[in-house]
Amino acid sequence: MVQEKILVIGACGQIGRELTAALRLKFGQQQVLASDIQAQGNLSADMYPYFRLDVTDAAALETLIAEEKITQIYHLAAMLSASGEKNPKKAWDLNMDSLLSVLELSVKYNVKKVFWPSSIAIFGPDSEKISTPQQGVTEPTTVYGISKAAGEYWCKYYFDKFGLDVRSIRYPGLISYTGAPGGGTTDYAVDIFHHAVEDKPFTCFLKEDTVLPMMYMEDAIRATLELMDAPKDKVLVRTAYNLAALSFSPQALTEEIVKLVPDFKVVYAPDFRQQIADSWPGSIDDSAARTDWGWEPAFNLEAMVKDMLLNLKELQEN
Ligand code: SER
């Protein structure tokens, strides 16, 4: 059996931290090379082996892939929806150029598998709001969403033209207690927990009844590993798979938190992110992922809230 050498790009981000740890459990610590733009100085020991990489530097990326004889790449570096609206050109350059470099170099160096995340942000105001189908109207309104929609077709193009085994998921909003998210529209659903455990009131930047598709990180990591483990001929969607677990509003999330933190208070002050949220679906039809590679979420809202609060309290105490 060929020993895998896996490169994670964006390993210090919200998904990257947990995916890197999960991949290291599966393939071995030394077989998974973490990379990110972050300097090595602030990293914990479990992040090594680590390589500081600016993914827009295609030459540096090429050297890394060639010298380390990389067999799989998980390319997670991106600028998210809210940050992207503040820096549209920078978001486009980072999100697109890096993907194109990864795809091109993967073909050149015979990388066996590539994972690249897409998002619910590919959908827009005219997409179906409830049980948004795998195929239908997309029409993204953010630069992030446009880059993800275009990126999906680039992935399919490299699969069709060059046989590159690139796989992708349209993640919903991801909720986790380790790495903090940065610059997303769904991030209120992470911040709210930090306020709850610190006994601070929370000001929510979305309206109380804004329902968005969400997922607990544990489910998202398992989905990613399951998709990457699936036999090649079972991966029928070569743009990106719809993936669903939960759908809730800030109000519903607050009610669930209040069951465990009775004095917790939330006020609402919607900002520019409301418009982004309003353009996205409320729930997702993920039947293709369920049929093709057996996807099934494990965490419901109650289980997720309980686990988040428990883990954040534990982190706070240590
Ligand atoms: N969580 C992302 C964002 O809010 C969506 O994929 O930008």
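Please refer to the structure placed before this passage.
Residues numbered from 1 in each chain as written. Predicted model: local features only at pLDDT ≥ 70, side-chain atom pairs only at ≥ 80, totals over all residues. Heavy atoms only, no water.

1. Digging into the packing of helix α4 (residues 88–108) against helix α5 (residues 143–162)
Relative orientation of the contacting elements α4 and α5 amounts to 15 degrees, with a least axis distance of 10 Å. In terms of orientation, α4 and α5 fall into the roughly parallel class. When you trace α4 past α5, the crossing you get is right-handed. Each of P88, A91, W92, N95, M96, L99, L100, L103, E104 and V107 in α4 lies in contact with α5, whose residues at this interface are V143, Y144, I146, S147, A150, G151, W154, C155, Y158 and F162. Here the contact of α4 with α5 is composed, by residue class, of 16 nonpolar, three polar and one charged. (Axes fitted to C-alpha atoms, helices over the stretch in contact; angles between N-to-C directions. Helix = DSSP H or I, 4+ residues; strand = E, 2+ residues; numbered from the N terminus. Parallel < 35°, antiparallel > 145°, perpendicular 65-115°, else oblique. Left-handed = near helix turned anticlockwise from the far one by under 90°. Contact = heavy atoms within 4.5 Å. Nonpolar A, V, L, I, M, F, W, Y, C, P; charged D, E, K, R; others polar.)

2. Describing the nonpolar core
Counting residues in hydrophobic clusters, the biggest one holds 40 residues, and the most contacted among them are I175, Y188, F193, F248, L253, I257 and M304. Those elements that provide at least two residues to this core are α5, α6 (188–197), β10 (202–204), β11 (212–216), β13 (246–248), α8 (250–260), α9 (273–278) and α11 (301–317). If one sorts the elements of this core by residue count, α6 sits on top with seven residues. Setting aside anything within four residues of it in sequence, one finds Y188 in contact with F202, C204, F205, L206, M214, F248, S249, P250 and L253. Counting residues in each nonpolar core, the second largest holds 35 residues, with M47, A220, I221 and A289 among its members. (Core = buried A, V, L, I, M, F, W, Y, C linked by side-chain atoms within 4.5 Å. Buried < 20%, exposed > 50% of the residue type's maximum accessible area, 1.4 Å probe, protein only.)

3. As for the site of the ligand
What surrounds the ligand is the set L80, S81, S119, Y144, G184, T185, T186 and W280. A distance of 2.6 Å separates an oxygen atom of the ligand from a polar atom in the side chain of S119. In the complex, 93% of the free accessible area of the ligand, which totals 240 Å², lies under the protein chains. Here the ligand occupies the largest pocket. Across the shell around the ligand, the residue classes tally to three nonpolar, five polar and no charged. (Near = heavy atom within 4 Å. Polar contact = N/O pair within 3.5 Å; in protein donor to acceptor, adjacent residues only side chain to side chain. Areas by Shrake-Rupley, 256 points an atom, 1.4 Å probe, with all protein chains shown as cover. 1 Å grid on protein atoms, 1.4 Å probe; cavity = no way out; pocket = protein on both sides within 12 Å on 5 of 7 lines; lining within 4 Å. Sits in = over half its atoms within 2 Å of the grid points.)

4. Quick word on the pattern of salt bridges
Under the criterion given, the structure shown has 14 salt bridges. R167 is the partner of D165 in a salt bridge, and the nearest nitrogen-oxygen pair spans 2.9 Å. Each member of the pair, D165 as well as R167, is classed as buried. Within this structure, D165, R167 and R238 form a network of salt bridges that share partners. (Salt bridge = Lys/Arg side-chain N within 4 Å of Asp/Glu carboxyl O.)

5. With respect to the sheet that holds strand β7 (residues 165–167)
Ordered in space as β3-β2-β1-β4-β5-β7, the six strands form an open sheet in which the pairing is parallel. Two strands in the sheet have a free side with no partner beyond their single neighbour: β3 (50–52) and β7. Strand after strand, the sheet turns through a mean of 20 degrees between neighbouring axes, direction not considered. As paired elements, strand β1 (residues 6–9) and strand β4 (residues 72–75) share four bridges and run parallel to each other. In the sheet register, I6 faces β4, and the bridge partner there is Q72. Sheet contacts for helix α1 (residues 14–27): β1, β2 (32–36) and β4; angle to β2, the most-contacted strand, approximately 165 degrees. (Pairing = 2+ DSSP bridges.)

6. Considerations on α1
Under the 1.5 Å per step criterion, the end-to-end length of α1 is 21 Å for 14 residues, consistent within 8% with the ideal 20 Å. Turning to α1, its buried residues are Q14, I15, G16, E18, L19, T20, A22, L23 and R24. Count one or two residues on from α1 and you reach G28, which has phi positive near 105 degrees. (Expected span 1.5 Å × (residues − 1).)

7. Observations regarding a nonpolar patch on the surface
Nonpolar side chains collect at one region of the surface, where V107, W154, Y157 and F162 lie side by side and expose about 360 Å² of accessible area between them. Per-element tally for the nonpolar patch: the top contributor is α5, with three residues. Within the secondary structure layout, F162 lies in helix α5. (Patch = residues over 30% accessible without salt bridge, like charges linked within 9 Å, V, L, I, M, F, W, Y side chains within 5 Å.)

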